[in-house]
Protein chains: 2
Amino acid sequence: MAEITIKYLAEKLKLAPSTVSRALNDSHEISANTKKKVLDLAKELNFQPNPYARSLREQKSKTIGVIIPERINNFFSQVIDGMETVTKVHGYHLLVYNSNEDIEQEKNILTLLLGGRVDALVMSISGQNEKSKHLDILKNRTTPVVFFDRIPHDFPTTKLITNGYEAGYNGATHLIKKGCRKIIFLVLSKEISIGKERMRGYLDALKAHNIPFENSWIVVCGHSEAKNIDLLENLFYKLDRPDGVLASVEKLALATYRALAKTNIKMPDQVKMISFSNMKIADLLNPPLSTISQPAFEIGKECANLLMKKLTRKNQPDLEDKTIVLPSQISLRESTGK
Amino acid sequence: MAEITIKYLAEKLKLAPSTVSRALNDSHEISANTKKKVLDLAKELNFQPNPYARSLREQKSKTIGVIIPERINNFFSQVIDGMETVTKVHGYHLLVYNSNEDIEQEKNILTLLLGGRVDALVMSISGQNEKSKHLDILKNRTTPVVFFDRIPHDFPTTKLITNGYEAGYNGATHLIKKGCRKIIFLVLSKEISIGKERMRGYLDALKAHNIPFENSWIVVCGHSEAKNIDLLENLFYKLDRPDGVLASVEKLALATYRALAKTNIKMPDQVKMISFSNMKIADLLNPPLSTISQPAFEIGKECANLLMKKLTRKNQPDLEDKTIVLPSQISLRESTGK
DNA sequence: GTGAAAGCGCTAACAC
DNA sequence: GTGTTAGCGCTTTCAC
């Protein structure tokens, strides 16, 4: 770690450490002259105050913990980029952890972080279920938490999502308008909050358009790409195969492309698809994929802003128990028929 | 931050703080009985030692700083995932920063981190140039650094790359074998190390196959997607337009797809392309993209392993000044003609 | 406007 | 096997 300290600067300048500290922190009770001397020497020696000594003393770490269920995913990368743009101007740091969609790991990370390593948390919870019992350790704590995208519905804090219901409704409606009558809904887990909202929208769209729904249209997939492809392929071999697909996550749209490649079924002629996705190259797929995308960068910025406000100002109230809903954007491409 | 401390545990158990500390750290000089009592209470109260007090005392932070030029990129996400799998078993944390391909920002992050916030660094340097003068602040420091992918050639430490020369050679050779005679090489900046190696391979492949090279075949692109597309589109309108493209980074292959979409030129019939890329859905593009991919996860693991070895063992020698070369993998798809 | 001293929570050297 | 003490580098009373 660094070797040059405030004490050292103080000796060099024949000042007390406290004076140097105050000068560095631009305290008004220090003369302009002393300030300059201190700042000059600090710059010359490339002095950086020891962050851990400061953290210990001030009881705050100036770092935010981030837990995401998956790292190789544009959506989450964009969110984190958004967070970093705002945290860095406040001198805050980002400790990012991947829970790998695993509640156990999520819990471990949480325990680790609650030891005081971070001043606040941003989470998108693992998709196994949303019972979120493992989040109880957070509840007796004062550490502010913000959830986004994959949110627990019963945790009293601020949450950020996009309008899943509306987007699901619009996505399904678009398929219906394009002539689809057997529209399946692909979901990773029925338990997870975003899936649920999107599904509600889908179901209501069917109802509104008088399309009789069948339970088998809800296709619950898993985390194994190979198994999902198999599952989907078999679905398309059936006599009453679907003519429309609404994928609640990008991963499942990709699996659908791969499953279809194994059959003779053509998209968009025989089956149309639209998917929730933040991929930047939806236009380059074959055929180009119609998507519903989320303002990921904005979500990240907003999460960070909420926390920066709470952390950098005095006497801020606790984070409100509310859900902020941001609009998603629908982009129509050939996968739903041009 | 956390409120329950070693001192508190000590009072509860009528022991000295030092005894509690030793018990928690499983020191052999503590009786099994006391150990159990301490551990039990610690578990019951969910005690986590204050990481910053520990860092201050031990003069190490148990965290690694990571600086990448771009976050929304599968390659870097995979590398970080790889690092995390190994750091987490050693109790190390990852502080990740995005330099946005900007040397100034890279320098700022570096100065910040050198204040003692991290025990070691992993970097993939910004692509503006590889003069790496801004890395000089690192040179007088003892902080171990490992570079990967975008490496400075004149910095005495361990670097990890893939066999760019060979891959470039093989990529170009493949295009030649497929009948291409005017093969352009797309590069983000001529200065950057990986681009150079890949280009050397490309040039040698041309020479080995007696293809007369023209300077205009090296196409230096920028960071603006729109401008790159324009540049490429114009290239394809020329009379002696290229019939082969070797893209040294994924981004430029995507720009080529988009540029071609504006013309009547068909891939792979009239022009073939292969690109360095770690994208997982190369097979879903139209046409599927032949790729040369890097073992990103492995690279991340290896970087972390090198640092863990240096940091967790006593009297480890400094990181050797050498370059470890990992093999890349070539996957042929329709973009180069099946 | 500056200095002296205490203490954040932890570990380690030194008692005993 | 356990306790006492000092100190990591910083900020912040409290003096003057």
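Bear in mind that the values here come from a model prediction, so they are computed numbers and not experimental data.

### As for the overall build of chain A
Scanning chain A from terminus to terminus reveals 12 helices and 12 strands. Radius of gyration (C-alpha) of chain A: 25 Å, far over the 20 Å computed for a compact globule of 338 residues. Along the first, second and third principal axes, the C-alpha set of chain A runs to 90 × 40 × 30 Å. Looking at the 338 residues of chain A, the share that counts as buried comes to 56%. Across chain A, the fraction of contacts at a sequence separation of at least 24, relative to all contacts at a separation of at least 6, is 71%.

### Digging into the interface of chain A and chain B
Every contact between the two is made by 50 residues of chain A and, on the other side, 50 residues of chain B. Across the chain A/chain B interface, buried area totals approximately 5,000 Å², and carbon plus sulfur atoms make up 55% of it. Linking chain A with chain B are 6 salt bridges. The partner of A:Arg71 in a salt bridge is B:Glu84, with the nearest N and O atoms 1.9 Å apart. Where chain A meets chain B, there are 22 residue pairs in polar contact (both at pLDDT 80 or more). When contributions to the side of chain A that touches chain B are tallied by element, the ones reaching two or more residues are helix 4 (51-58), helix 5 (74-89), strand 2 (93-98), helix 6 (103-113) and helix 11 (250-261) of chain A. Here the side of chain A that touches chain B gets 7 residues from one element, more than from any other, and that element is helix 5 of chain A. Along the lines of polarity and charge, the residues of the side of chain A that touches chain B split into 22 nonpolar, 18 polar and 10 charged.

### What to know about empty space enclosed by the protein
Tallied over the full model, the rule gives 6 cavities of 30 Å³ or more. What the largest cavity holds in volume is close to 90 Å³. Lining of the largest cavity is provided by A:Arg71, A:Ser77, A:Ile80, A:Val96, B:Ile68, B:Arg71, B:Phe76, B:Ser77, B:Ile80 and B:Val96. Counting residues per element, the ones that place at least two in the lining of the largest cavity are helix 5 of chain A together with helix 5 (74-89) of chain B. Ranked by the residues each element gives to the lining of the largest cavity, the list is headed by helix 5 of chain B, at 3 residues.

### Section: the protein's contact with DNA strand D
Taken together, 26 residues are adjacent to DNA strand D, and A:Ile6, A:Ser21, A:Arg57, B:Ser18 and B:Thr19 come closest. Expressed as a percentage, the sugar and phosphate content of the atoms of DNA strand D within 4 Å of the protein is 59%. Within the side chain of A:Asn25, one N or O atom sits 3.4 Å away from a phosphate oxygen of DNA strand D. Here A:Ala53 contributes a backbone N or O atom positioned 3.3 Å from a base nitrogen of DNA strand D. When residues of the surface near DNA strand D are traced back to their parent elements, those giving at least two are helix 2 (17-24) and helix 4 of chain A together with helix 2 (17-24) and helix 4 (51-58) of chain B. Tallied by class, residues from the surface near DNA strand D come to 8 nonpolar, 10 polar and 8 charged.

### Considering the relation of the copies chain A and chain B
Between chain A and chain B, the superposition needs a rotation of 180° and an axial shift of 0.0 Å, giving an RMSD of 0.1 Å. What we have between these two chains is a two-fold relation. It is A:Leu285 whose C-alpha, among those of chain A, lies nearest the rotation axis, at 2.2 Å. Most of the interface of chain A is mirrored in chain B: 100% of its interface residues are interface residues there too.

### A look at helix 1 (residues 6-13) of chain A
Residue and element names in this part refer to chain A. For helix 1, the set of buried residues is Leu9, Ala10 and Leu13. On an axial view of helix 1, the arc spanned by its buried residues comes to 100°, and they lie on one face. Facing away from the buried surface of helix 1 by more than 90 degrees, the exposed residues are Lys7, Glu11 and Lys12. Of the surrounding secondary structure, the elements contacted by the buried residues of helix 1 are helix 2 and helix 3 (32-44). The opening residue of helix 1, the one whose side-chain oxygen lies 3.3 Å from the backbone nitrogen of Lys7, is Thr5.

### What about the domain arrangement of chain A?
Its domain assignment divides chain A into domain 1 (6-49), domain 2 (58-162 + 296-328) and domain 3 (164-294 + 330-336). Each of domain 1 of chain A and domain 3 of chain A was reduced to a C-alpha centroid, and the two centroids are 62 Å apart.

### A closer look at the UniProt feature "domain: HTH lacI-type" (unreviewed entry) in chain A
The UniProt record annotates "domain: HTH lacI-type" (unreviewed entry) at residues 4-58 of chain A. For residues 4-58 of chain A, helix accounts for 67% and strand for 0%, while the C-alpha atoms at its two ends are 20 Å apart.

### With respect to the pairing of strand 10 (residues 290-293) of chain A
It is a general feature of regular strands that their side chains alternate between the two faces of the sheet. Residues and elements named next belong to chain A. Of the two faces of strand 10, the one holding Ser290 and Ile292 and the one holding Thr291 and Ser293 are both buried throughout. Across 3 bridges, the pairing between strand 9 (residues 272-276) and strand 10 is parallel. Within the sheet, the bridge partner assigned to Ser275 lies in strand 10 and is Thr291. The sheet contact formed by strand 10 and strand 12 (residues 329-331) spans 3 bridges and is antiparallel. Residue pairing in the sheet places Ser293 in a bridge with Gln329 of strand 12.

### Some thoughts on the protein's contact with DNA strand C
Surveying the vicinity of DNA strand C reveals 26 residues, the closest of which are A:Thr19, A:Thr34, B:Ile6, B:Ser21 and B:Arg57. In the interface set of DNA strand C, defined as its atoms within 4 Å of the protein, sugar plus phosphate atoms amount to 63%. Here a phosphate oxygen of DNA strand C sits 2.7 Å away from a polar atom, N or O, in the side chain of A:Thr34. When residues of the surface near DNA strand C are traced back to their parent elements, those giving at least two are helix 2 and helix 4 of chain A together with helix 2 and helix 4 of chain B. The element best represented in the surface near DNA strand C is helix 4 of chain B, accounting for 4 residues. Class assignment of the residues belonging to the surface near DNA strand C gives a composition of 8 nonpolar, 10 polar and 8 charged.

### Notes on the layout of surface pockets
In this approach, a probe sized like a water molecule rolls over the atoms, and the result shows the empty space that is left. Residue and element names in this part refer to chain B. Within this model, the second largest pocket holds a volume of roughly 1,000 Å³. Along its surface, the second largest pocket is lined by 28 residues, and Gln48, Pro49, Asn50, Pro51 and Arg54 are the ones closest to its centre. Sorting the residues of the lining of the second largest pocket by element identifies helix 1 (6-13), helix 2 and helix 4 as the ones contributing at least two each. Here the element with the most residues in the lining of the second largest pocket is helix 4; it accounts for 6 residues. Within the lining of the second largest pocket, the residues separate by chemical class into 11 nonpolar, 10 polar and 7 charged.

### A look at the pattern of salt bridges
Any two side chains of opposite charge can pair, given that their charged atoms come close. Going through the model one piece at a time under the given rule, you end up with 33 salt bridges over all chains. A salt bridge links B:Glu101 to B:Arg150; the shortest N-O distance between them is 2.8 Å. Highlighted residues: B:Glu101 in the loop between strand 2 (93-98) and helix 6 (103-113) and B:Arg150 in the loop between strand 4 (145-148) and strand 5 (158-162), separated in sequence by 49 residues. The network of salt bridges with common partners includes A:Arg71, B:Asp81 and B:Glu84.

### Thoughts on the sheet that holds strand 12 of chain A
Residue and element names in this part refer to chain A. Taken in spatial order, the 6 strands of this open sheet run 7-6-8-9-10-12, and their pairing is mixed. Single-partner strands in this sheet number two, and they are strand 7 (218-220) and strand 12. Across the sheet, the mean angle separating the axes of adjacent strands is 15° when strand polarity is ignored. Packed onto the sheet, helix 9 (residues 193-208) meets strand 6 (183-187), strand 7, strand 8 (244-247) and strand 9 and runs at close to 175° relative to strand 6. Docked against the sheet, helix 11 engages strand 6, strand 8 and strand 9, running at close to 155° with respect to strand 9.

Calculation rules
- Residues numbered from 1 in each chain as written.
- Chains lettered and ligands numbered in written order.
- Predicted model: local features only at pLDDT ≥ 70, side-chain atom pairs only at ≥ 80, totals over all residues.
- Heavy atoms only, no water.
- Helix = DSSP H or I, 4+ residues; strand = E, 2+ residues; numbered from the N terminus.
- Rg over C-alpha atoms; globule rule 2.2 N^0.38 Å.
- Buried < 20%, exposed > 50% of the residue type's maximum accessible area, 1.4 Å probe, protein only.
- Contact = heavy atoms within 4.5 Å.
- Buried area = accessible area lost by both parts, 1.4 Å probe.
- Salt bridge = Lys/Arg side-chain N within 4 Å of Asp/Glu carboxyl O.
- Polar contact = N/O pair within 3.5 Å; in protein donor to acceptor, adjacent residues only side chain to side chain.
- Nonpolar A, V, L, I, M, F, W, Y, C, P; charged D, E, K, R; others polar.
- 1 Å grid on protein atoms, 1.4 Å probe; cavity = no way out; pocket = protein on both sides within 12 Å on 5 of 7 lines; lining within 4 Å.
- Points joined across faces, edges and corners; volume = space filled by probe spheres on them.
- Near = heavy atom within 4 Å.
- Least-squares fit on C-alpha atoms with pLDDT ≥ 70 in both.
- Arc of directions from axis to C-beta.
- Domains from an automatic or database assignment.
- UniProt positions renumbered as here; feature names shortened; annotations may be inferred.
- Pairing = 2+ DSSP bridges.
- Axes fitted to C-alpha atoms, helices over the stretch in contact; angles between N-to-C directions.

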